[in-house]
Amino acid sequence: MKFKKLLFILGAALTFSLASCGSNATSETSLTTTTTTTQSTEQITQVDYLSFVGQNKIRVDILDNVGANFNYGNAAVVSTNQMDINSNSYLAFSGTITADSVNFIFIVESGNSNNFQSTFSVHGGIDNEYVETFLSRASLKSLFNNAYKVYIAISTGEVKWTKNLNAQLDAKIRTYII
């Protein structure tokens, strides 16, 4: 507020000093523009969409039979069970995917419990012959960098996830699939 008053006073003083210079034979118009910059500090509330996942854990929910077995690192994925996050491990599968297509939802909270970022990634209808390529993409693997909570939902047909784990999560996912 003091800064704005100071700018106003300086602008007014400059205008009066220019006006007091008198008039010449040629008419000149002087425009004085005062620009103020205000800095806004907005507090952003972080939403813990993954409140149902423990710190440094990953949870994979397999909602439909796709014909193959999923693994995270060297460990077999047991649907809805939490596993330790390992920075060198990624989601993969063994066997043959028999479903025509597969859907994936990835929600990753990276950073730490005091300062984190939530990343949502929804992929529907990935043709069964491209699932391996999809899971091995560097951009997908980079989602896990600095992750401390991860939730993955795997389904076929319509994109699905385990609902009612977190109401805010349900609402956020719906914005991606509608």
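The structure presented is a predicted model; accordingly, all values stated were derived computationally and were not measured.

### Digging into empty space enclosed by the protein
Next, step 1: Considering all chains together, one arrives at one cavity of 30 Å³ or more under this definition.
Next, step 2: Its boundaries defined by the atoms lining it, the largest cavity holds a volume of some 30 Å³.
Next, step 3: Lining the largest cavity are Tyr90, Leu91, Leu135, Leu140, Lys141 and Phe144.
Next, step 4: By residue class, the composition of the lining of the largest cavity is five nonpolar, no polar and one charged.

### Some remarks on the nonpolar core
Next, step 1: Within the largest apolar cluster, 27 residues are counted, with the highest numbers of intra-cluster contacts made by Phe70, Leu91, Phe104, Phe106, Leu135, Ile152 and Ile154.
Next, step 2: What Leu91 contacts, discounting residues up to four positions off in sequence, is Val60, Phe70, Asn71, Tyr72, Val77, Phe104, Phe106, Leu135, Ile152 and Ile154.
Next, step 3: Tyr49, Ile107, Tyr151 and Ile173 belong to the second-largest nonpolar core, a separate cluster that totals 13 residues.

### Let's talk about unusual backbone geometry
Next, step 1: With a phi close to 60°, Asn56 is a non-glycine residue in the positive phi region.
Next, step 2: Examined against the element boundaries, Asn56 turns out to sit in the loop between helix 1 (2-19) and strand 1 (57-62).
Next, step 3: Residue classification places Asn56 among the partly exposed positions, given a relative accessible area of 44%.
Next, step 4: Phi at Asn164 is positive, roughly 70°, even though this residue is not glycine.
Next, step 5: Relative to the helices and strands, Asn164 is located in the loop between strand 8 (147-155) and helix 4 (167-177).

Cut-offs and rules
- The numbers attached to residues start from 1 for each chain and follow its sequence in the written order.
- Since the coordinates come from a predicted model, pLDDT governs what is reported: local features require at least 70, and pairs of side-chain atoms require 80 or more to be given and counted, while whole-chain, interface and lining totals use all residues.
- With hydrogens and water set aside, each side-chain value is computed from the structure's full complement of heavy atoms.
- Using a grid of 1 Å spacing that covers the protein atoms alone, one calls a set of points a cavity when a 1.4 Å probe fits there but cannot get out, and a pocket when the set is open and has protein on both sides within 12 Å along at least five of seven lines; lining residues are those with an atom within 4 Å of a point.
- Grid points are joined across faces, edges and corners, and a volume is the space filled by probe spheres set on the points.
- Ten residue types, Ala, Val, Leu, Ile, Met, Phe, Trp, Tyr, Cys and Pro, are classed as nonpolar, four, Asp, Glu, Lys and Arg, as charged, and the remainder, Gly among them, as polar.
- Remark: nonpolar core denotes a set of buried residues (Ala, Val, Leu, Ile, Met, Phe, Trp, Tyr, Cys) joined through side-chain atoms within 4.5 Å.
- Relative accessibility thresholds used throughout: buried, under 20% of the residue-type maximum; exposed, over 50%; partly exposed, between the two (1.4 Å probe, protein chains only).
- Two residues form a contact once any of their heavy atoms are found within 4.5 Å.
- Per the convention used, a helix needs a DSSP run of H or I reaching at least four residues, while a strand needs a run of E reaching at least two, with both numbered from the N terminus.

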